[in-house]
Amino acid sequence: MKDQEQQGYWQETGRWAGYEESFDPHAGVWASSHISYLTFKSLIQLRRTMNTVVTIFDCEEKTLAAIAEKMVGEMVSKKEIRSGDREGVLKSLLQNRSESADPESQKLTDGVDLHRFSVRERKDECDHVEASMVLVGALEFLEKATVVFVRLKEAVALDSALEAPVPVRFVCVLIGPSKVDLDYHETGRAMAALMADKVFNQEAFQAKSARELTDALVDFIDCSIVIPPTEIKNEAMLSSIISFQKKILKDRLLSQDLTLRRDSKTRRVSIASGAPAEDPLSRTGRPFGGMIRDIKRRYQYYKSDLTDALNGQALAAIIFIYFAALSPAITFGGLLADKVDNMMGIPELLISTSIQGIIFCFVAAQPILVIGFSGPLLLFEEAFFGFCKSQDIEYIVGRVWVGVWLVIIVVIIVAFEGSFLVRYISRFTQEIFSVLISIIFIYETFAKLGRIFKAHPLILNYDHVNATLENPWHPRVEKITTYDNDTGNITVIENMVKPPYPNTALLSMCLMFGCFFIAFFLRQFKNGTFLPGNIRRLMGDFGVPIAIFLMVVADYNIEDTYTQKLVVPKGLAVSNPAKRGWLINPFGEHKSFPVWLMFASCVPALLIFILIFLESQITTLIISKPERKMVKGSGFHFDLLVLVGMGGLSAIFGVPWLSAATVRTVTHANALTVMSKGTKPKIERVVEQRVSGIVVALLVGLSILMEPILKLIPISALFGIFLYMGVTSLNGIQLWDRMLLLLIPKKYHPDEPYATRVSTGRMHMFTAIQIVCLGILWLVKSSPISLALPFVLILTIPLRMLMTGRLFTELEMKCLDSDDAKVMFEEEPGQDVYCETQMPL
C-alpha cells in the first residue's frame, strides 16, 4: 500500500479465525467474517512460486528479528535474492509497527508495498491457540519473486508481529518486483487460506522437504472448487455446490484418515491409519528373524496368490512378459557363449531361467520379481573366465566351488539380517555402476563389429567364392609340406584358413544398426502421437523381438553373403558337449582341481554375491514403494536366500547365476497394475499373484525347442540389441544428464533441484568426482584384477558418506543424490519404465 507521501507501509488486509475477515483500508474497519473465495489464477501463481520455495524447518529463533535474519540469509545462499538486496529486504521485514500512529500501518522504505495476513487456529481442547503469519508484496529493487516458508520449532509470541500476543508457528513470506505477472494480494490470500486449512496445516507441520509441501498444496488444489465465469442470477443456484463440496471433503478426510495426537508441550502430530506400516528392512535382533517375518507376512496370502491369477490382466501380462524375458535370454545367451568360449550359452541360460524362475515364483515372498541374466553378471562371467584361463584353471569347475561359497555367504548374511545394508546404497553408487555398464555395452558392441571388419576386411580382390564350391562359408584347409634332407622325413602341416568373404562386414554392420534403430525408434514411437495408444504401446513393448525378426528376414533373403549365426545345440544338449555335460564334477572334469582353489573361491563368490545383492535388493525396493499400493508385502531376506541359494546350487549343473532383473520386474509390476478410470487415472491395486511368473518361466524353458529358428538369428543383430540396451540404460540417469551439462551453457540447464538449488561449480565438482570413480572402475575392469570390480564399487559408499558435511552440505547432497525417481504407472510422453531406475539392464 502507499500513503499520501508515496511511501510503502504494512497493511494487514486479512485474518482468519475459522473464517476470513477482510480489512477495508478506506473505512478503517474489519468486515464480518465470511467463507474464503479464491481466484483460480492465484492458486496457479501460488503453485508456480512454490516450485522454488526456500524452506526452513524447526527454526529455533525466538524473535522476529532473528527469524528475518535467518530467512534473508537463506534467500541469499539459495541465490533467490542478490546479496546487495539483503539490507533492503531485511529492513522491510523488520519495520516496527509501533513507529506508526496508525495501528494498522507502518511506514517503510520507498517502493515497498506489503500486505500482512494472520491465521489463528485452536490446537487442542485447552483453548491452546497458534497463529501463522503471511507477508506478501512488492519490493521494486528485487529481480524476481521468491517465497520463504518457515516452521518454528516452538510456537513463540513475536513482538510487533500481530495485534494480539498469539504464539506464531509458521511464517510465510512472498516478495518480488511488481513488474512480474503476479497479484501479490490475491496470492497472499491464497497462501493464508492454505494455512487455515487443517489438513494442509498438519502436513506442513510434519513436512521434511519442499516436495512434501508442494504435494500438500496440490492436494489442497485438487479439493478446491472452480466456478466457471457464468452469470449467477440468485443465491439458490449455488446450493448444489454445498453437497458437492461435502462429498469432496468426505473423500479427502477418508483418504487422509488423519488422527491428531498432539502433546501440549512438544506439539507432536501423528497420522494413524490403523496399525503402522511395518518396515521390512528393520532388524528383529534374532537369527533369521527377518526371513521368518517375510515368510509369515507373505504366506498367509498364498491361496489368494493362486486365485487372484484368474484375471484377464494376468493373462495379458503373461504374453507380454514372456517376450520381455525371452529376448534378453537369447541376447545374453549368445553373448555369454562368445565370452566364455561356448562353455555356457543359450540352452543353459534358457533352462536356468525357466527352472529357477518356476521355483522362485512358487516359494518367494515377492513373486512379482522377474529373475534373469543381466549385464553386470555377464561382465563378471567374462572376468572370471579370463582369470581361469590365465591361471590354467577349469572355468566350469571353478564355478561349482564359487557356488558352494555363495550358499554359505547368503546363509550368513540372511542369518544376521544383512539386507538392511541396502539403505546405504545411494543414487551416487547406483548411477556410477549404471553408467559403467552402459559404456561397456556400447564399447563392446563396436569392438565386436571391429573384429568382424578385421576378419572380413574390405579389400579389392577376394578369393574366388561361388556356387561351384561345396560350401563357400566353411573354412578351407591348407596343407604345407616340408621335407627334411637329413632324415628324409616329410612333414605335412594342415592349417584351417577362414577366408574373408565379400560384403560380410558391411551386412553385419547393417544388421547391427538396423536392429538398434528399429528397437530404439519403436520405443520412441510408443510415446508419440501416431495411431491409438494401445497399438503404439504394443509396438513399443515388442520392439526388440520385432527388430530381431526383421533382421532375421533380411539376412535370410540375402543368400550370397555370409554372416555368423547363433550356435544353438539341438534339443537339451549343452553348448559344448566335448568339454562338459549337464553335471559338473567338482573335483575336475579333465584334470584335478587344486584343493587350495576350493577355499580361494570364496573371494569371487563374495564379489558375485555383491552384484546379485545390489541388483535384487534395489529392484525389490523399487517395486515396494508405497505409491504402488502392493498390500501383500515384500521379502528382502527370504527372496535373497532363495535367489542366491538356487544360483549357488545350480552351478553344479553348469548353468548361469541369475538376479532380479530391474526393468523386466518393473514392467511386470506395471502390466499387473489396475488403474482408475477418468482423465487423471490413479493406481487402484496390483494383481499380486504367482501364476504369471510361473507360466512365463515355463514358456521360456519350452523355447529351447525353437532351436531351428534360433539358429537363423545373426549374431550381429544381437550386437544391435546390446547397443540398444547400453543406450537406453542411460535414460533417466542423473549422472549422465549432469555429464552432458558440462558442455551446455548455464542458461539452458534444466529446472531441476541439482541445477537450480546447487551452484553450477559445485554441481560440476560432484559430477567430476563421479567421473573419476567411473574411470577407476574402468581401469579395474580392463586390468588383470577385473574380478575385484564389485569390491571397488562398494568403496563408493563410504566415499559418499565422507563427502557429506565435508565437501558438500546436507542440502547439496539432497539435491544431487536424492532418490527422486518417479514411479511410472501411466507412461507420460517421453517417459517409460527405463526412467524409473538407475540400475543397468
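Bear in mind the structure is a predicted one, so any value in this text is a computation, not a measurement.

Moving on to the overall build of the chain. Counting its secondary structure elements, the chain contains 30 helices and 15 strands. The buried share of the chain, taken over its 841 residues, is 50%. Long-range contacts, defined as pairs at least 24 residues apart, comprise 75% of the intrachain contacts of the chain with a sequence gap of at least 6. Accessible area for the chain stands at about 40,000 Å²; split by element, carbon and sulfur atoms hold 61% of it.

In this section: the environment of Asn461. Secondary-structure assignment places Asn461 in the loop between helix H14 (427–455) and strand S11 (476–483). For Asn461, a relative accessible area of 63% corresponds to the exposed category. For the pair Asn461 and Pro502, spaced 41 residues apart in the sequence, the C-alpha separation amounts to 9.0 Å.

Turning next to the pairing of strand S7 (residues 129–139). Within S7, ten of the eleven residues are buried, which leaves the element mostly enclosed by the surrounding structure. Note: S7 against strand S9 (residues 168–176), eight bridges, orientation parallel. Looking at the pairing, Leu135 lines up with Val173 of S9.

Taken as a whole, this structure holds 25 salt bridges when the rule is applied. The salt bridge partner of Arg82 is Glu143, with a shortest N-O separation of 3.5 Å. Taken together, the residues Arg82 in the loop between helix H2 (64–77) and helix H3 (86–93) and Glu143 in the loop between S7 and strand S8 (146–156) connect sequence positions 61 residues apart. Of the charged contacts, one joins Lys632 and Asp308 as a salt bridge, the two residues approaching to 3.0 Å between their closest N and O atoms. Within this pair, whereas Lys632 is found in the loop between helix H19 (602–623) and helix H20 (636–650), its partner Asp308 is found in the loop between helix H9 (302–307) and helix H10 (312–339), the two being separated by 324 residues in sequence. On the accessibility criterion, Asp308 (31% relative accessible area) is partly exposed. Each of Arg298, Asp305, Asp308, Lys632, Glu688 and Arg690 takes part in one network of salt bridges that share partners.

Phi is positive for Asp58, close to 55°, though the residue is something other than glycine. Structurally, the position occupied by Asp58 is in strand S4 (residues 54–59). Look at Asp58 and you get partly exposed, because its relative accessible area is 41%. For Asp341, which is not a glycine, the phi torsion comes out positive at approximately 55°. Its place among the elements puts Asp341 in the loop between H10 and helix H11 (346–363).

Now for the packing of aromatic side chains. Taken as a whole and judged by the stated rule, the model has 20 aromatic pairs. Relative to Trp778, the ring of Tyr443 lies with its centre 5.4 Å away and its plane at 85°, an arrangement referred to as edge-to-face. Taken as a pair, Tyr443 in helix H14 and Trp778 in helix H27 (residues 760–782) lie far apart in primary sequence, 335 residues in all. Members of the aromatic cluster, joined through ring pairs, are Phe446, Phe513, Phe516, Phe517, Phe520 and Phe521.

Looking now at H2. Spanning 14 residues, H2 covers 20 Å between terminal C-alpha atoms, matching the ideal 20 Å at 1.5 Å per step. Taken together, the buried positions of H2 are Leu64, Ile67, Ala68, Met71, Val72, Met75 and Val76. Where the residues of H2 are buried, they touch S4, H3, S7, S8 and S9. One or two residues past the end of H2 sits Lys79, with phi positive at roughly 65°.

Right, let's talk about the environment of Gln206 for a bit. Topologically, Gln206 is positioned in helix H5 (residues 198–206). When the C-alpha positions of Gln206 and Arg151 are compared, they lie 9.8 Å apart, and in sequence the two are 55 residues distant.

What follows concerns empty space enclosed by the protein. Across all of its chains, the model carries six cavities of 30 Å³ or more by this definition. A volume near 130 Å³ is recorded for the largest cavity. Contributing to the lining of the largest cavity are 14 residues, with Val370, Ile371, Gly693, Val696 and Ala697 lying nearest its centre. At the level of elements, H10, H11 and helix H22 (691–702) are the ones that each hand at least two residues to the lining of the largest cavity.

Relative orientation of the contacting elements helix H15 (residues 504–526) and helix H24 (residues 715–729) amounts to 40°, with a least axis distance of 7 Å. Comparing their axes, H24 and H15 come out oblique. Our pair here, H15 against H24, has a crossing hand that is right-handed. On H24, the residues that touch Ser508, Leu511, Met512, Phe513, Cys515, Phe516, Ala519, Phe520 and Arg523 of H15 are Ser716, Ala717, Phe719, Gly720, Ile721, Leu723, Tyr724, Val727 and Thr728. Partitioning the contact of H15 with H24 into residue classes produces 13 nonpolar, four polar and one charged.

Overall, the relative accessible area of 5% leaves Lys632 in the buried class. For Lys632, the side chain forms a polar contact with the side chain of Ser304, separated by 3.0 Å. Here Glu688 takes part through its backbone oxygen, which lies 2.9 Å from a polar atom of the side chain of Lys632. Those residues in contact with Lys632 that lie beyond four places of it in its chain are Arg297, Arg298, Tyr301, Ser304, Asp305, Asp308 and Glu688.

Turning our attention to the environment of Asn311. Along the polypeptide, Asn311 turns up in the loop between H9 and H10. Separated by 361 residues in sequence, Asn311 and Leu672 place their C-alpha atoms 9.8 Å apart. Among residues more than four places away in sequence, those in contact with Asn311 are Arg685 and Val687.

Glancing now at the confidence of the model for the chain. With 82% of its residues at a pLDDT of at least 70, the chain reaches an overall mean of 77. Mean pLDDT across the elements of the chain bottoms out in strand S5 (residues 105–110) (37) and peaks in helix H13 (residues 395–415) (91). Note that pLDDT drops below 50 for residues 2–6; the model gives that stretch eight contacts with residues more than four away or on any other chain. Across residues 97–112, confidence stays below pLDDT 50; counting only partners more than four residues off in sequence or on other chains, it has 53 contacts.

At their nearest, the axes of H11 and H22 sit 8 Å apart, and the two run at 165° to each other. Considering their axes alone, H11 and H22 lie roughly antiparallel with respect to each other. When the axes of H11 and H22 are compared, the crossing they make is left-handed. Mapping the contact onto sequence places Leu350, Thr353, Ser354, Gly357, Ile358, Cys361 and Phe362 in H11 and Gly693, Ile694, Ala697, Leu698, Val700 and Gly701 in H22. Across the contact of H11 with H22, the residue classes tally to eight nonpolar, five polar and no charged.

Conventions we followed
- Residues numbered from 1 in each chain as written.
- Predicted model: local features only at pLDDT ≥ 70, side-chain atom pairs only at ≥ 80, totals over all residues.
- Heavy atoms only, no water.
- Helix = DSSP H or I, 4+ residues; strand = E, 2+ residues; numbered from the N terminus.
- Buried < 20%, exposed > 50% of the residue type's maximum accessible area, 1.4 Å probe, protein only.
- Contact = heavy atoms within 4.5 Å.
- Areas by Shrake-Rupley, 256 points an atom, 1.4 Å probe, with all protein chains shown as cover.
- Pairing = 2+ DSSP bridges.
- Salt bridge = Lys/Arg side-chain N within 4 Å of Asp/Glu carboxyl O.
- Phe/Tyr/Trp six-rings, centres within 6.5 Å; stacked < 30°, edge-to-face > 60°.
- Expected span 1.5 Å × (residues − 1).
- 1 Å grid on protein atoms, 1.4 Å probe; cavity = no way out; pocket = protein on both sides within 12 Å on 5 of 7 lines; lining within 4 Å.
- Points joined across faces, edges and corners; volume = space filled by probe spheres on them.
- Axes fitted to C-alpha atoms, helices over the stretch in contact; angles between N-to-C directions.
- Parallel < 35°, antiparallel > 145°, perpendicular 65-115°, else oblique.
- Left-handed = near helix turned anticlockwise from the far one by under 90°.
- Nonpolar A, V, L, I, M, F, W, Y, C, P; charged D, E, K, R; others polar.
- Polar contact = N/O pair within 3.5 Å; in protein donor to acceptor, adjacent residues only side chain to side chain.
- pLDDT = per-residue confidence, 0-100.

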